[in-house]
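Coordinates in review
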Amino acid sequence: MTQEEAPPPPADTNADAQRVLLHMPVDIRNMSLVVLAGLAFLFVLHWAKAVFIPVMVGVLFSYALSPVVNWLETRRIPRALSAAVLLLAILGGIGTTAWSLSDEATQLVQALPAAAQKFREAMKARSGRSDSALETVQKAAAQIEQAAQDNSVPGTTRGAMRVVVEPARFDIRHYLWSGTIGLIALIGQVTVVVFLTYFLMISGDTFRRKLLKLAGDSLSSKKITLQALNEITGQIQRYLQVQLLTSALVGVLTWLALLAIGLDNAAVWGVAAAVLNMVPYVGSLVTAAGSALVGFMQFGSLNMALVVGGASLVIHTLVGNLLTPWLTSRASRMNPVAVFVGLLAWGWLWGVWGLLLGIPILMIVKAICDRVDDLKPVGEFLGS
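Values in this document were obtained by computation on a predicted structure and should not be read as measured data. (Residues numbered from 1 in each chain as written. Predicted model: local features only at pLDDT ≥ 70, side-chain atom pairs only at ≥ 80, totals over all residues. Heavy atoms only, no water.)

We now examine the overall build of the chain. The helix and strand tally for the chain stands at 15 helices and zero strands. The buried share among the 384 residues of the chain stands at 27%. In the chain, the proportion of contacts linking residues at least 24 apart, taken out of those at least 6 apart, comes to 67%. Within the structure as shown, the chain displays about 26,400 Å² of accessible surface, and the carbon and sulfur contribution to it stands at 68%. (Helix = DSSP H or I, 4+ residues; strand = E, 2+ residues; numbered from the N terminus. Buried < 20%, exposed > 50% of the residue type's maximum accessible area, 1.4 Å probe, protein only. Contact = heavy atoms within 4.5 Å. Areas by Shrake-Rupley, 256 points an atom, 1.4 Å probe, with all protein chains shown as cover.)

With that settled, the discussion passes to the packing of aromatic side chains. Within this structure, the stated rule accounts for three aromatic pairs. Measuring from centroid to centroid gives 6.3 Å for Phe 195 and Phe 199, while their planes differ by 35 degrees, and the two rings are tilted. Note that Phe 195 and Phe 199 are positioned in helix H7 (residues 172-203) at a spacing of four residues, about one turn of the helix. Aromatic side chains Trp 346 and Trp 350 sit 5.1 Å apart centroid to centroid with 55 degrees between the ring planes, which places their arrangement in the tilted category. Here Trp 346 and its partner Trp 350 are both found in helix H13 (residues 336-350), four residues apart, which amounts to about one turn of the helix. Assigned by exposure class, Trp 346 and Trp 350 land together as buried. An aromatic cluster is built from Phe 195, Tyr 198 and Phe 199, whose rings are joined through pairwise contacts. (Phe/Tyr/Trp six-rings, centres within 6.5 Å; stacked < 30°, edge-to-face > 60°.)

This part is about the side chain of Thr 287. Counting through the fold element by element, Thr 287 comes out in helix H11 (residues 283-299). Among the residues examined, Thr 287 registers a relative accessible area of 1% and is labelled buried.

With phi around 65 degrees, Arg 76 is a residue other than glycine that occupies positive phi space. Along the polypeptide, Arg 76 turns up in the loop between helix H3 (49-74) and helix H4 (79-100). Judged by its relative accessible area of 80%, Arg 76 is exposed.

A few words on the pattern of salt bridges. Under the criterion given, the structure shown has two salt bridges. Among the ionic pairs, Arg 79 bridges to Glu 73, the shortest N-O distance being 2.8 Å. The class for Glu 73 is partly exposed, based on a relative accessible area of 39%. The closest approach of N and O atoms between Lys 366 and Asp 370, which form a salt bridge, is 2.9 Å. Take Lys 366: its relative accessible area is 11%, and that puts it in the buried class. (Salt bridge = Lys/Arg side-chain N within 4 Å of Asp/Glu carboxyl O.)

One finds Trp 346, Trp 350, Leu 357, Ile 359 and Ile 361 to be the most contacted residues of the largest nonpolar core, which totals 25 residues. Going through the elements one at a time, H3, helix H9 (219-261), H13 and helix H14 (352-369) are the ones with two or more residues in this core. With seven residues, H14 is the largest single contributor of residues to this core. Residues within four places of Trp 346 in sequence aside, it is in contact with Leu 45, Gly 351, Gly 354, Gly 358, Ile 361 and Leu 362. By size, the runner-up hydrophobic cluster in this structure holds seven residues, among which are Leu 65, Val 69, Leu 86 and Leu 87. (Core = buried A, V, L, I, M, F, W, Y, C linked by side-chain atoms within 4.5 Å.)

Turning our eyes to something else, we now look at the side chain of Thr 246. Tracing the backbone through its elements, the reader meets Thr 246 in helix H9. Judged by its relative accessible area of 0%, Thr 246 falls in the buried class. There is a polar contact of 2.8 Å between the side chain of Thr 246 and the backbone oxygen of Val 242. Polar side-chain contacts of Thr 246 include one of 3.2 Å to the backbone oxygen of Gln 243. (Polar contact = N/O pair within 3.5 Å; in protein donor to acceptor, adjacent residues only side chain to side chain.)

So, on to the environment of Thr 287. As for Thr 287 and Val 275, which are separated by twelve residues in sequence, their C-alpha atoms are 9.8 Å apart. When near neighbours in sequence (up to four residues on either side) are disregarded, Thr 287 contacts Trp 269, Ala 272, Ala 273, Leu 276, Ser 312 and His 316.

Further remarks concern the confidence of the model for the chain. Here the chain averages 74 in pLDDT, and 71% of its residues register 70 or above. The model gives residues 15-22 a pLDDT under 50, and that stretch makes zero contacts with residues more than four places away or in other chains. (pLDDT = per-residue confidence, 0-100.)

With that out of the way, let us pick up the packing of H13 against H14. Packing of H13 against H14 leaves a shortest axis separation of 7 Å and a crossing angle of 135 degrees. By the angle between their directions, the pair H13 and H14 is classed as oblique. The two elements H13 and H14 meet at a crossing, and its hand is right-handed. Of H14, the residues touching H13 (which contributes Ala 338, Val 339, Gly 342, Leu 343, Trp 346, Gly 347 and Trp 350) are Val 352, Trp 353, Gly 354, Leu 355, Leu 357, Gly 358, Ile 359, Ile 361 and Leu 362. Split by residue class, the contact of H13 with H14 holds twelve nonpolar, four polar and no charged. (Axes fitted to C-alpha atoms, helices over the stretch in contact; angles between N-to-C directions. Parallel < 35°, antiparallel > 145°, perpendicular 65-115°, else oblique. Left-handed = near helix turned anticlockwise from the far one by under 90°. Nonpolar A, V, L, I, M, F, W, Y, C, P; charged D, E, K, R; others polar.)

Between its terminal C-alpha atoms H13 stretches 21 Å, which fits the 21 Å expected from 15 residues at 1.5 Å a residue. The set of residues buried in H13 consists of Ala 338, Val 339, Gly 342, Leu 343, Trp 346, Gly 347, Leu 349 and Trp 350. Seen along its axis, H13 keeps its buried residues to an arc of 165 degrees; they face one direction. Exposed residues on H13 whose side chains face more than 90 degrees from its buried face are Val 337, Leu 344 and Trp 348. (Expected span 1.5 Å × (residues − 1). Arc of directions from axis to C-beta.)

Here you go:
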């Protein structure tokens, strides 16, 4: 009697099940609500940016100027008086600088169109072609259209009225009105920022005490809230100090370099480089391109234009890639990839203002997420 062969032992499915089945503590309903809430929050930020941007700018200015007001308060000077004098001094300095450089800036703006046209002609001459391929095709299409109109049969259009669409004439009132509206809006936003900064500076620790009161009755909650507020204050103040130092250094070096090259209105370009240095990634390119264009207009040589633009770009690169990261890492430990992605997001939401305010907002978000258990993964992602 033959004994039946025993079937092979079943495979160890326990390990496979452990590999395939993974418990994910994620509630789909809660995740959907979080996604919808995030999308709604982004829509509100974009829709109400006219309100959020002045508020954030005022908060940053108050963080930057509060140490000066606190120091004056220790000298028995009232906060209201010291804040008012400080803001008036800053506005007066900005106005005086703008007025002193207004003539040079006007000449520079007026020279830009001529510089662009001259640069275009030089590029055509350098390439050895009178017209580009696109311009040749456009001219050929215009000639074919003109020939078709000239050879049209008069009989087929008998009784028809020819309609010629003329472009609208230049109306100076329209441009004056639009410029006036833009100027009024700018003055209104500056006024809101100034008053908001003033009220925040004279309030002192009022909002800090209110936030501690709202944190809860337990000592641990108040301690965590106080630590987050201190970290936010310290990081933002150090970040603003770094930006002020690097921007001033870039402005002085750009002014000296362009003055040594012999470029006209070098002081204007120094101020422009200092201001645009606060706009990450974009400001340096704008300064280099504009200075190169004006350098070509002045010297009439592409090589000199490259020298002018290259000098500006080298200064921004050295300061931005060597000094700024070292100082910023000491100010706050942020992940460079997360910062770049965050700047893209805030730039998409608020434009240039988003690029200016993106890093301080990310600092605030990281300081809060590091102290909330459910948000610690976000803080870990933003950290270096």
